[in-house]
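Listed here are the chains, written in short residue letters.
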Amino acid sequence: MAGENDRVIYVDMTDQSVSIQPFPQDWKLLGGRALSARILLEQCDPTCEPLGPDNVLVMAPGVLSGTTASTSGRISIGGKSPLTNGIKEANAGGNPGQDLMKLGYRALIVKGKPADSGKRYGLRVEQESVTVVDADAEKGLWNYALCEKLLADEDKNASVISIGPAGEALLAGASVACTDQDRERRPARHAARGGLGAVMGSKGLKWVLVDPQKAKTRRPEDTKAFMAKNKSYTSDYLGGAQMFQTGTSAFVQTANMLHTFVYKNRTEGQSPDADALDGARIVEKFEERGGGMHNCMTGCIVKCSNIVHNADGDYVTSALEFETITLLGASCAISSLDDVAELDRLCDELGLDTIEAGAAIAVLMDSGNLDWGNAKEAKEILRNVADGSDRNTAIGNGAVAVGKLTGHARVPEGRGQAIPAWDPRPLKATGVTYATSAMGADHTAGLIINPGLDKDDFAQASQESQIVNAATDSSGFCQFLQATIADIAEFYSAFYGEEVTKEQVADLAWDCMSDEWKFNEAAGWTAEGDKLSDCLVEEGIGPDGVFKFDVDAETIAAAKVRFEPTDELYGTKASA
Ligand code: SF4
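The shown structure was predicted, so the numbers you read here are calculated from the model rather than taken from an experiment.

Each value, and the rule that gives it
- Residues numbered from 1 in each chain as written.
- Predicted model: local features only at pLDDT ≥ 70, side-chain atom pairs only at ≥ 80, totals over all residues.
- Buried ≥ 20, exposed ≤ 12 C-beta atoms within 10 Å, placed from the backbone.
- Helix = DSSP H or I, 4+ residues; strand = E, 2+ residues; numbered from the N terminus.
- Pairing = 2+ DSSP bridges.
- Contact = placed C-beta atoms within 7 Å.
- Near = placed C-beta within 6 Å.
- Nonpolar A, V, L, I, M, F, W, Y, C, P; charged D, E, K, R; others polar.
- Domains from an automatic or database assignment.
- Axes fitted to C-alpha atoms, helices over the stretch in contact; angles between N-to-C directions.
- Core = buried A, V, L, I, M, F, W, Y, C linked by C-beta atoms within 7 Å.

Undergrad: Is there a simple way to explain the pairing of strand β5 (residues 87-92) in this structure?
TA: In regular strands, side chains alternate between the two faces of the sheet. Of all six residues that make up β5, six are buried, and the element is covered over most of its length. Every second residue of β5 is oriented toward a common face, with Ile87, Glu89 and Asn91 on one face and Lys88, Ala90 and Ala92 on the other, all of them buried. Where strand β4 (residues 75-80) and β5 come together, six bridges link them in antiparallel fashion. Residue Lys80 lies in a different strand from β5, and its bridge partner there is Ile87. Hairpin connection, β4 to β5: the antiparallel pair is bridged by six residues, and Asn85 has positive phi, about 60°.

Undergrad: I tried to follow helix α14 (residues 390-397) on my own but got confused; where do I start?
TA: Note: α-helices contain 3.6 residues per turn, so residues at a spacing of three or four share the same orientation. Along α14, the positions that sit buried rather than exposed are Ala394, Ile395, Gly396 and Asn397. Contacts from the buried residues of α14 go to α4 (165-168), α12 (354-366), α13 (375-383) and α15 (399-406). One or two steps after α14, the chain reaches Gly398, where phi turns positive at roughly 105°.

Undergrad: Hey, could you run me through the site of the ligand in this one?
TA: Taken together, Thr71, Gly93, Asn295, Cys296, Met297, Cys300, Val302, Lys303, Cys304, Ser305, Cys478 and Phe480 make up the full set of residues near the ligand. Classifying every residue of the shell around the ligand gives seven nonpolar, four polar and one charged.

Undergrad: Even after reading the chapter, I still don't get the domain arrangement of the protein chain, so can you show me in this structure?
TA: Where interface size is quoted, it is often the accessible area lost as the parts come together. Each assigned domain of the protein chain is listed with its residue range as follows: domain 1 (7-211), domain 2 (242-411) and domain 3 (422-576). For domain 2 versus domain 3, the separation of C-alpha centres amounts to 25 Å.

Undergrad: Is there a simple way to think about the sheet that holds strand β15 (residues 315-318) in this case?
TA: Hydrogen bonds between backbone atoms are what pair the strands of a sheet, whose relative direction is either parallel or antiparallel. Ordered by their spatial adjacency, three strands build an open sheet running β13-β14-β15, and the pairing between neighbours is antiparallel. On the outer flanks of this sheet lie β13 (292-294) and β15, each paired with one strand and no other. If you compare each strand with its neighbour and ignore which way they point, the axes differ by 30° on average. Relative to β15, strand β14 (residues 305-309) runs antiparallel, the two sharing three bridges. Paired with Val308 across the bridge in β15 is Thr317.

Undergrad: How do you make sense of the nonpolar core when you look at a structure like this?
TA: One broad trend across soluble globular proteins is that nonpolar side chains are buried collectively. Within the largest apolar cluster, 179 residues are counted, with the highest numbers of intra-cluster contacts made by Ala107, Val125, Ile361, Ala471 and Val505. By residue number, the principal contributor to this core is α12, which donates nine residues. The contacts of Val505, once residues within four sequence positions are left out, are Ala471, Ile485, Ile488, Ala489, Tyr492 and Val500.

Undergrad: Where do I start with the sheet that holds strand β10 (residues 176-178) in this structure?
TA: On the basis of which strands lie adjacent, the open sheet formed by six strands has the order β8-β7-β12-β9-β10-β11 and mixed pairing. Of all the strands in the sheet, the pair left with one neighbour each is β8 (130-134) and β11 (189-191). With strand direction ignored, the average angle separating the axes of adjacent strands in the sheet is 20°. Sheet topology places strand β9 (residues 159-162) next to strand β12 (residues 205-211); four bridges connect them, and they run antiparallel. For Val160, the partnering residue across the bridge sits in β12 and is Leu209. Running over the sheet, helix α3 (residues 143-151) touches β9, β10 and β12 and is turned about 140° from β9.

Undergrad: In this structure, what is going on with the environment of Ala522? I would like to understand it.
TA: Its place among the elements puts Ala522 in helix α19 (residues 502-523). As for Ala522 and Asp45, which are separated by 477 residues in sequence, their C-alpha atoms are 8.6 Å apart.

Undergrad: Got a minute to help me understand unusual backbone geometry in this structure?
TA: The linkage connecting Ser318 with the following residue, Ala319, adopts the cis geometry, with an omega of -15°. Here Ala319 is to be found in the loop between β15 and α10 (322-329). Within the chain, Leu170 stands out as a residue other than glycine whose phi angle is a positive 60°. Not every positive phi belongs to a glycine, and Arg185 is a case in point at roughly 45°. Among the structural elements, Arg185 can be located in the loop between β10 and β11.

Next comes the structure, spelled out in structure tokens:
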């Protein structure tokens, strides 16, 4: 049977011991986000201190990662978040997810913490062995230098999961980096949200190196059906609209038109710098500067990732996304794409979520402690984010921490996590997602870009989008591929050689969300907290300030009670 020899790696960082266990077969349809949620619900005390020994760090590739299914190799990083104090899953591309799965590892579960918080360790995952090694020599290294050092003498197929100085300093906005599939294997793909880099740092784990050598892709039970589905899906995708072929950065003008290209810490929904920050310019400059579109993981047919070069033609970063341009650019009144690209690179180097870091800097500016548009000082702050100073530490800990430090009340957030670019005031159903998702304010949990939606439809639209995205983040498909629940069911059926229905896949996604809500309830979350900050409710944006997040509590609560599944649900595309 396909996957019958799958295993789980357990690492106890208290004594640096490793054990390999068989993967429970009744979990075979759980991967990525759903697997992470189930492991955390069963093996992690929800009341634990996020940076203490009882938190559990999960690295779980999606069900289809490591197979030949197009754009399917993503990995979920999970744990209790130091930012939201609830369960968190952050999803990343790059190649580590595929590499773990090619070796038959469905999850890596890290528990405990070393007695000496100054120690650093690495984990080598190879075909024959999994070992914890001393990594003190890599202490404090920025992500790019770290990966260059680690991979210098490794097989060309090896990949790395790592944290930068922000994770080592236990900052609540810290991300987990994954190397991409390019020849340089850059740590440019981040499981960014929720501070899981700090959880990894609290365990003294600086890096995980996965070396699949010549391990083969995972073999489906029904190879013929799997290949046929993959072929037809790929050709349909490539023959279709391909809306992400110039990257998410190309959405700037649309977002500005919708009053969700937020300016100056969301005091306005449109930016006067929308032309200067239009990500379409990145693509226009490929010819003059170099760079181009690429795929961040092997087998991705979407290729949404831009490689950004500076005016001298040197590599700066990849990918520069719409979310980053909005939060580190427009919301801070920083109007140069080159500055935003450098800030993005610094976040990748230090290991920081660009959304949280951008929101934190915008709050600092809004509080009067930094001039709007001061890109030079913003870069200086990020370079020194792990220096232990009050201001820089607060930036690394996120928007709410900066609000507390400065006494500034205008902090747009949900459950302690900064609001992503897509603003919940013109896009109210998206706001319902931010208020109800166990992930806190996170657009990848269920984005609905439909400003004309009737208010009676907010709850159901949000719930359906959350179900589709939970199914996608559990499958290993990238959300940008926009696979539907029906597609995922067909792939699962062919992989396991037994029928998996679309209804089952939707139920698995709902179970995933239910596991997450259960965890958070036990962690102390209550329904009263299912809301967004006052500034989003009280302050309008758009013409005459018409857009406010004025969705009532009853509608928000309705998104957490399951609606009867509709046929449209199974054909709805993932949104990110
Ligand atoms: S669609 Fe973009 S983010 Fe997703 S795997 Fe491909 S390149 Fe990476």
